[in-house]
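Letter by letter, the chains look like this.
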Amino acid sequence: MDFMKLLQSLEQALFEVIAWLVFYPITLWQAIRHPFAMMDYADGELMRSADDRFTSRLSPPIFLAITLGLLHLVEVQNDGAKLKGFLSDSTNLMAFRMFMLSVLPLGIAVRFMQFQNLMFDRKVLRPLFYGQIYISAPIAMAVGLASAILLRFVERSYLGDLAGIAVLLIGGLWYMALEIVWFQRHGPMSYMRAAVYTIWATFVSLVLIIVLSAAVSKL
């Protein structure tokens, strides 16, 4: 009986992993092309039962984890910087990066809740957080690809350096523009106020990421 349960678990795990090959590019494309629709999709899916959630797209945490995994492979192939201590282990590094990149969508979600004077509650925070992850994963990919390009072409090719900087700028502007429009629509509020909220929430999140990264790098 236990052996049959093990086979069933393996069957389910194999299907889920293979399904990522189909649903990851679909989710990535939709997150880039229709980011607001994906954020609404996350809200709607969390209202369903656990077994019926995210059947046509990857769930936000898995989407982010796969994105970071792919970027890690690119980094390894690109002979990225060798880390020491706690972060020298690939598993620890992946877990830490996923935690760090979750700070950005969390900061935006928390700032929105503060604006709306919403009580801090998991049921309120989770849909906002999940929706934000859908647009955080593409910017994480942009930053990772830009870093890989700059590391490979630094001091070798001006065109390579420009390509890396261009990817980083385009990704950053895309992300900031989306957040400003999102705040403006859901506030509702003026674009100026939305821009202030976006910049402030992003700044606080980035400071926290830098501080935590510096602390963990010393372990």
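Residues numbered from 1 in each chain as written. Predicted model: local features only at pLDDT ≥ 70, side-chain atom pairs only at ≥ 80, totals over all residues. Heavy atoms only, no water.

**Concerning the overall build of the protein**
Okay, step 1: Helix and strand counts for the protein come out as seven helices and zero strands.
Okay, step 2: Along the protein, helices and strands appear, N-terminal first, in the series α-α-α-α-α-α-α.
Okay, step 3: Taking 219 residues into account, the globule formula puts the C-alpha radius of gyration at 17 Å, and the protein, at 19 Å, falls close to it.
Okay, step 4: Principal-axis analysis of the C-alpha atoms gives the protein an extent of 60 × 45 × 35 Å.
Okay, step 5: For the protein, buried positions account for 38% of its 219 residues.
Okay, step 6: Contacts in the protein between residues far apart in sequence, at least 24 positions, make up 68% of those at least 6 positions apart.
Okay, step 7: Accessible surface, the protein: about 13,500 Å² in total, of which carbon and sulfur atoms supply 69%. (Helix = DSSP H or I, 4+ residues; strand = E, 2+ residues; numbered from the N terminus. Rg over C-alpha atoms; globule rule 2.2 N^0.38 Å. Buried < 20%, exposed > 50% of the residue type's maximum accessible area, 1.4 Å probe, protein only. Contact = heavy atoms within 4.5 Å. Areas by Shrake-Rupley, 256 points an atom, 1.4 Å probe, with all protein chains shown as cover.)

**As for the nonpolar core**
Burial of nonpolar side chains together is a common tendency in soluble globular proteins.
Okay, step 1: Core analysis: the biggest nonpolar cluster contains 22 residues, and I108, L128, Y175, W182, F183 and M189 have the highest contact counts within it.
Okay, step 2: Within the residue set of this core, elements represented by two or more residues are α2 (35–45), α4 (90–115), α5 (122–153), α6 (158–186) and α7 (191–217).
Okay, step 3: If one sorts the elements of this core by residue count, α4 sits on top with six residues.
Okay, step 4: M189 has contacts with F115, F183, Q184, A194 and Y197, leaving out every residue within four places of it along the chain.
Okay, step 5: If you look at the next biggest cluster of nonpolar residues, it comprises 20 residues, including F54, I66, L68 and I133. (Core = buried A, V, L, I, M, F, W, Y, C linked by side-chain atoms within 4.5 Å.)

**Comments concerning the packing of α4 against α7**
Okay, step 1: Their axes nearest at 9 Å, the elements α4 and α7 cross at an angle of 145°. Considering only the axes of α4 and α7, their crossing is right-handed. For the pair α4 and α7, contact is made by F96, F99, M100, V103, L104, G107, I108, R111 and F115 and by R193, Y197, T198, W200, A201, T202, S205, L208, I209, L212, S213 and V216, respectively. (Axes fitted to C-alpha atoms, helices over the stretch in contact; angles between N-to-C directions. Left-handed = near helix turned anticlockwise from the far one by under 90°.)

**Details of the environment of M119**
Okay, step 1: Mapped onto the elements, M119 comes out in the loop between α4 and α5.
Okay, step 2: Overall, M119 belongs to the exposed group, its relative accessible area being 63%.
Okay, step 3: If sequence neighbours within four positions are ignored, M119 has contacts with M113 and V124.

**Topic: unusual backbone geometry**
Okay, step 1: With omega at -20°, the peptide bond leading from G187 into P188 counts as cis.
Okay, step 2: Counting through the fold element by element, P188 comes out in the loop between α6 and α7.
Okay, step 3: A positive phi angle is found at F54, which is not glycine, with a value near 55°.
Okay, step 4: Relative to the helices and strands, F54 is located in the loop between α2 and α3 (60–77).

**Topic: the packing of aromatic side chains**
Okay, step 1: Counted according to the given criterion, the structure contains 11 aromatic pairs.
Okay, step 2: Between F54 and Y130 the ring centres are 6.3 Å apart and the planes differ by 40°, which places this aromatic pair in the tilted class. With a gap of 76 residues between them, F54 in the loop between α2 and α3 and Y130 in helix α5 connect regions that are remote in the sequence.
Okay, step 3: Taken together, a centroid distance of 5.4 Å and an interplanar angle of 70° make the contact between F115 and Y197 edge-to-face. Of this pair, F115 sits in helix α4 while Y197 is found in helix α7, placing the two residues 82 residues apart along the sequence.
Okay, step 4: Taking the relative accessible area as the measure of exposure, F115 reaches 19% and is therefore buried.
Okay, step 5: An aromatic cluster is present here, built from F112, F115, W182, F183 and Y197 joined pairwise through their rings.
Okay, step 6: The positively charged end of R111 is found above the aromatic ring belonging to Y197, 4.2 Å away from the centroid.
Okay, step 7: We note R185 situated over the ring of F36; from NZ or CZ to the ring centre the distance is 4.5 Å. (Phe/Tyr/Trp six-rings, centres within 6.5 Å; stacked < 30°, edge-to-face > 60°. Lys NZ or Arg CZ within 6 Å of the ring centre and 35° of its normal.)

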